[in-house]
Amino acid sequence: MSAQYAEASGPTTLPLTTIGDIRAALRSGHGFPSDRESFEADLQHALETSSETDLNAVATVIVDYRGRIRLYQDPDFDVAVQEGIDLTARLKQEAQDR
């Protein structure tokens, strides 16, 4: 097996370096339900409440949604969510059995 094959077999990641990249990814269905609308609303709110010299809120929105898109792309994400659901159900059952 060549190194080239190993690199090509991994999951591909979207380029998410600009706001346009994030918008395009959300329009393409990447991300969680309602993220497309929420991103625009959150970004607008961050822009309205930020000062000209402090755009940390805007950066936070961008980083958050970029992370959501990458999480949604992760093939192990669904497995991890199911494990969390199973663990929660088991802990609830154990608490009821006491």
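Treat the numbers as computed from the prediction; the structure is a model and nothing was measured.

What counts, and at which threshold
- Residues numbered from 1 in each chain as written.
- Predicted model: local features only at pLDDT ≥ 70, side-chain atom pairs only at ≥ 80, totals over all residues.
- Heavy atoms only, no water.
- Salt bridge = Lys/Arg side-chain N within 4 Å of Asp/Glu carboxyl O.
- Helix = DSSP H or I, 4+ residues; strand = E, 2+ residues; numbered from the N terminus.
- Buried < 20%, exposed > 50% of the residue type's maximum accessible area, 1.4 Å probe, protein only.
- Patch = residues over 30% accessible without salt bridge, like charges linked within 9 Å, V, L, I, M, F, W, Y side chains within 5 Å.
- Areas by Shrake-Rupley, 256 points an atom, 1.4 Å probe, with all protein chains shown as cover.
- Lys, Arg positive; Asp, Glu negative; His and termini not counted.
- Charge placed at Lys NZ, Arg CZ, Asp CG, Glu CD.
- Axes fitted to C-alpha atoms, helices over the stretch in contact; angles between N-to-C directions.
- Parallel < 35°, antiparallel > 145°, perpendicular 65-115°, else oblique.
- Contact = heavy atoms within 4.5 Å.

K.L.:
What is the right way to look at the pattern of salt bridges in this model?
P.N.:
Any two side chains of opposite charge can pair if their charged atoms end up close together. Inspection of the entire model under this criterion finds four salt bridges. Where Asp 35 meets Arg 68, a salt bridge forms, and the shortest distance between an N and an O atom there is 2.9 Å. Pair noted here: Asp 35 is in helix H3 (residues 35-49) and Arg 68 is in helix H4 (residues 56-73), with a separation of 33 residues, a long-range link. Taking relative accessible area as the criterion, Asp 35 reaches 2% and is therefore assigned buried. Residue Arg 68 is classed as partly exposed on the basis of its relative accessible area, which comes to 27%. The partner of Arg 90 in a salt bridge is Glu 94, and the shortest N-O contact between them spans 3.6 Å. With Arg 90 and Glu 94 both in helix H5 (residues 77-97), this residue pair falls four residues apart, about one helical turn. Among the residues examined, Glu 94 registers a relative accessible area of 35% and is labelled partly exposed. Each of the salt bridges in this network shares a partner with another, and the network as a whole consists of Asp 35, Asp 64 and Arg 68.

K.L.:
Would you explain a negative patch on the surface in this entry?
P.N.:
On the surface, Asp 74, Asp 76, Asp 78, Glu 83 and Asp 86 cluster together into a patch of negative charge. Structurally, Asp 78 can be placed in helix H5.

K.L.:
Even after reading the chapter, I still don't get unusual backbone geometry, so can you show me in this structure?
P.N.:
Peptide bonds are trans in most cases, and residues, glycine excluded, mostly fall at negative phi. Residue Ser 34 is not a glycine yet carries a positive backbone phi of 70°. Relative to the helices and strands, Ser 34 is located in the loop between helix H2 (19-27) and H3. Among the residues examined, Ser 34 registers a relative accessible area of 47% and is labelled partly exposed.

K.L.:
Honestly, the packing of H2 against H3 in this entry has me stumped. Any pointers?
P.N.:
Two packed helices can be described by the angle between their axes and the distance between those axes. The N-to-C vectors of H2 and H3 enclose an angle of 150°; their axes lie 9 Å apart at closest approach. Relative to H3, H2 is oriented roughly antiparallel. Along the contact surface, H2 presents Ile 19, Ile 22, Arg 23, Leu 26 and Arg 27, while H3 presents Asp 35, Arg 36, Phe 39, Glu 40 and Leu 43.

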